[in-house]
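Analysis of the macromolecular model
So you can see what is in the structure, the chains are spelled out below.
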Amino acid sequence: MVLDKDTMGAQVLSFEFFPPATSEGRTKWMSTYQQLRQFKPEFFSVTYGAGGSTRDRTYELVSTIQKEGDRAAPHLSCVGSTQESIRAILDEYRQQNIRHIVALRGDLPSGMADPGELRYASELVEFIRKETGDWFHIEVAAYPEYHPQAQSAQKDLLHFKEKVNAGANTAITQYFYNIDAYWSFCDSAASLGVNIPIIPGIMPISSFSKLCRFSDACGAEIPRWIRKKMESFGDDAVSIRAFGLDVVTHLCDQLLTGGAPGLHFYTLNQASLTSVIWQRLGLS
Ligand code: FAD
């Protein structure tokens, strides 16, 4: 079964987790998962450490989610991997009846020199289709503000199109706070003949310093007015949280009203901010 907009409903809502490294983290994750599953999202995705560093932990979380009766979508990155190891992971997922996957290139972990046998996410998508036909609904990544390593905006768009041509069903974006970047990216993709749903990735704001760190690494811009306002709060965590909730809820509202095909929340394994935004949007 391949999901499409008809089977997934008009607007797809999903949550992302990362696999915790400690038993305390695992316990906290379970509590977050139990809170968020009450909102009945379409699926929960689980990240994957590039180079396979979280292979077992990603698998474990995904199995737990499936066993609870929810739809799980493991992320899978190809950088630093062999085709044989990716084939083995795909087989494991098929045995678990997992039918949804987020296919990524990933970033080569420091100290790892070999980029592996598949160089780009488009090659991974092609490989998954060759090995497993239509078994998986394949998500790929999209970058409304363009990927930090992109040679140019136009080349990045063309590489995005290659992932779609290789067989991706839907895309999830890097998070952004400039809504115009998202609409512009969707328009540019459509003008190239790309018409899969491009679902906005949403990053709730819990801490300004964390947000700056993430954004520096992934190339997502924090608009000046948000940066200035956050800076003015200093260590006042309550004001940062309240302002962040207003900004992100407004962004989600504008996206849904404007016709975005859904929202994918980067929960960072925390339930509270995502729950408040979800409730304020009236999604429950
Ligand atoms: P690609 O689509 O392969 O693109 C990477 C870069 O290569 C781009 O600059 C593109 O323009 C360029 N490119 C593509 N094809 C070609 C070509 N043929 N020739 C030349 N250049 C080309 N990382 C993880 O490690 N684990 C995760 O679980 C994870 N989950 C993510 C989920 C989402 C929704 C997103 C948006 C990102 C996620 N990431 C994750 C981060 C991601 O792995 C990095 O952004 C990575 O740098 C790029 O992965 P990609 O799949 O977008 O790569």
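Notes on the structure follow. (Residues numbered from 1 in each chain as written. Predicted model: local features only at pLDDT ≥ 70, side-chain atom pairs only at ≥ 80, totals over all residues. Heavy atoms only, no water.)

Contacts to the ligand come from 23 residues, most closely from Y48, D107, Y143, D156 and K163. Y143 places a polar side-chain atom, nitrogen or oxygen, 2.7 Å from an oxygen atom of the ligand. Taken by itself the ligand offers 970 Å² of open surface, and the protein chains cover 85% of this. The site holding the ligand turns out to be the largest pocket. (Near = heavy atom within 4 Å. Polar contact = N/O pair within 3.5 Å; in protein donor to acceptor, adjacent residues only side chain to side chain. Areas by Shrake-Rupley, 256 points an atom, 1.4 Å probe, with all protein chains shown as cover. 1 Å grid on protein atoms, 1.4 Å probe; cavity = no way out; pocket = protein on both sides within 12 Å on 5 of 7 lines; lining within 4 Å. Sits in = over half its atoms within 2 Å of the grid points.)

Next up on the list: the environment of Y59. Among the structural elements, Y59 can be located in helix α3 (residues 55–67). On the basis of relative accessibility, which here comes to 24%, the residue Y59 falls in the partly exposed class. The spacing of Y59 and I89 is 30 residues in sequence and 8.9 Å in space, taken between C-alpha atoms. In this structure, Y59 is in contact with E92, Y93 and Q96, ignoring residues within four places of it in sequence. (Helix = DSSP H or I, 4+ residues; strand = E, 2+ residues; numbered from the N terminus. Buried < 20%, exposed > 50% of the residue type's maximum accessible area, 1.4 Å probe, protein only. Contact = heavy atoms within 4.5 Å.)

Taken as a whole and judged by the stated rule, the model has two cavities of 30 Å³ or more. Each pocket or cavity is described by its volume, and for the largest cavity that value is around 50 Å³. For the largest cavity, the full set of lining residues is Y143, P144, E145, Y146, Q174, Y175, F176, C218, G219 and A220. Of the residues assigned to the lining of the largest cavity, the class counts are seven nonpolar, two polar and one charged. Estimated volume of the second largest cavity: approximately 40 Å³. If you trace the second largest cavity, you find it lined by M203, P204, I205, S206, S207, K210, L211, F214 and L268. Tallied by class, the residues present in the lining of the second largest cavity amount to six nonpolar, two polar and one charged. (Points joined across faces, edges and corners; volume = space filled by probe spheres on them. Nonpolar A, V, L, I, M, F, W, Y, C, P; charged D, E, K, R; others polar.)

Here the focus is the side chain of T249. The topology assignment puts T249 in helix α10 (residues 237–257). Look at T249 and you get buried, because its relative accessible area is 10%. Beyond its immediate stretch of four places on either side in the chain, T249 contacts I277, R280 and L281.

Scanning the model with the defined rule gives 19 aromatic pairs in all. Members of the aromatic cluster, joined through ring pairs, are F15, F17, W29, Y33, F39, F44, F265 and W278. Between R99 and the ring centre of W135, over which it is positioned, the NZ or CZ distance is 3.8 Å. (Phe/Tyr/Trp six-rings, centres within 6.5 Å; stacked < 30°, edge-to-face > 60°. Lys NZ or Arg CZ within 6 Å of the ring centre and 35° of its normal.)

Another aspect to go through is the pattern of salt bridges. Counted according to the given criterion, the structure contains 10 salt bridges. With a shortest N-O distance of 3.2 Å, E92 and R55 are connected by a salt bridge. Here the residue E92 occupies a position in helix α4 (residues 83–95), and R55 occupies one in helix α3, the gap between them amounting to 37 residues. Residue R55 is classed as partly exposed on the basis of its relative accessible area of 24%. One salt bridge connects R94 with D91, and the closest N-O pair in it is separated by 3.5 Å. Residue R94 and its partner D91 are both found in helix α4; the two are separated by three residues, about one turn of the helix. Residue classification places R94 among the partly exposed residues on the basis of a relative accessible area of 30%. Connected through salt bridges with shared partners, the residues R37, E68 and D70 form a single ionic network. (Salt bridge = Lys/Arg side-chain N within 4 Å of Asp/Glu carboxyl O.)

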